[in-house]
Amino acid sequence: SDAVICPSKFAESELKRYGLTVPSYVISNGLLPQFRPIKALRDKEFKDKFIILTVGRIAKDKRHDVLIDAVALSKYEKSIQLIITGKGPLKEKIEKYSEKLTNKPPFKFVTEDELIRMYNTSDIYIHPSEVELESMSVLEAIGCGLPALISDSRTSAAKQFALNEKFIFNSGNPYDLARRIDYWIEHRQELKRSKQLYHKK
């Protein structure tokens, strides 16, 4: 090739680490303009819940198990509503694994309009994935002003979008993730202020 286009700095650095010698250029896939803050109503049954949203393919590397374990470990477990959107080879297994939670997470593949509404009515987005070249779902979340709590996996580009260290947790560690979740439940005003900062980011 005469040149290689990479979706993120992380993708470019990985290619160079494995021997890329031709010129490379970082060009993001970008964010569609409809992923922005809007006025939306949350589902009535979730009115009094702290809503955690995660979006993406339900597969091994996305680590839904870590997120479910973290919610189970939270001292606020009974007041948390986890929402999992997407489909994938582990959907049935992860659905069964989530049955230990007080509030069973809905598993559904949604339209773009519904997804945007969910980004705008959730309290926090959590991205436990260990492998990402760019992570469009994190971009969509922060485009809508939804704070994102992200794994620090060295094989993921997603952590570059974290607002600060409070929005990063140790990859694969449900105890550290539970600690972060509890922090944000206890500091909701700070979390609310972060929405504006994330949207500007």
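Throughout what follows, the structure given in this document is the object of discussion. (Residues numbered from 1 in each chain as written. Predicted model: local features only at pLDDT ≥ 70, side-chain atom pairs only at ≥ 80, totals over all residues. Heavy atoms only, no water.)

Look at Arg 63: it is not a glycine, yet its phi comes out positive at around 60°. When you line up the elements, Arg 63 lands in the loop between strand S3 (50–55) and helix H2 (64–73). (Helix = DSSP H or I, 4+ residues; strand = E, 2+ residues; numbered from the N terminus.)

So, on to the packing of aromatic side chains. According to the stated counting rule, one finds 4 aromatic pairs in the structure shown. Ring geometry for Tyr 119 and Tyr 125: centres 6.3 Å apart, planes at 55°, overall tilted. The class of Tyr 125 is buried, set by a relative accessible area of 0%. Plain terms: the ring middles of Phe 167 and Trp 184 are 4.4 Å apart, the flat faces sit at 15° to each other, and that makes the pair stacked. You can see Phe 167 sitting in the loop between strand S7 (148–151) and strand S8 (168–169) and its partner Trp 184 sitting in helix H6 (residues 174–186), a full 17 residues away along the chain. Phe 167 gets classed as buried once you look at its relative accessible area, which sits at 0%. Trp 184 gets classed as buried once you look at its relative accessible area, which sits at 0%. Every member of this aromatic cluster is reached through a ring pair, and the members are Phe 35, Tyr 119 and Tyr 125. Here Lys 87 stacks its cationic end above the ring of Phe 109, 4.5 Å away from the centre of that ring. (Phe/Tyr/Trp six-rings, centres within 6.5 Å; stacked < 30°, edge-to-face > 60°. Buried < 20%, exposed > 50% of the residue type's maximum accessible area, 1.4 Å probe, protein only. Lys NZ or Arg CZ within 6 Å of the ring centre and 35° of its normal.)

Moving on to the pattern of salt bridges. Summed over the entire model, instances satisfying the criterion amount to 15 salt bridges. A salt bridge links Lys 9 to Glu 12, with the nearest nitrogen and oxygen atoms 3.8 Å apart. Pair noted here: Lys 9 and Glu 12 are both in helix H1 (residues 9–17), with a separation of 3 residues, about one helical turn. Notably, a salt bridge pairs Glu 12 with Lys 16, separated by 3.9 Å at the nearest N-O pair. With Glu 12 and Lys 16 both in helix H1 and 4 residues apart, the pair spans about one turn of that helix. If you follow the salt bridges from partner to partner, you end up with Lys 9, Glu 12 and Lys 16 in one network. (Salt bridge = Lys/Arg side-chain N within 4 Å of Asp/Glu carboxyl O.)

With that settled, the discussion passes to empty space enclosed by the protein. In this approach the atoms are scanned with a rolling probe the size of a water molecule, which exposes any empty space left behind. Applying the stated criterion across every chain yields a total of 1 cavity of 30 Å³ or more. Roughly 60 Å³ of internal volume is contained in the largest cavity. If you trace the largest cavity, you find it lined by Arg 42, Asp 43, Phe 46, Ile 51, Ile 83, Arg 117, Met 118, Thr 121 and Ser 122. Here the lining of the largest cavity takes 3 residues from helix H4 (residues 112–121), the largest share from any one element. In the lining of the largest cavity, the residues fall into 4 nonpolar, 2 polar and 3 charged. (1 Å grid on protein atoms, 1.4 Å probe; cavity = no way out; pocket = protein on both sides within 12 Å on 5 of 7 lines; lining within 4 Å. Points joined across faces, edges and corners; volume = space filled by probe spheres on them. Nonpolar A, V, L, I, M, F, W, Y, C, P; charged D, E, K, R; others polar.)

Geometric values such as these leave the question of function open.
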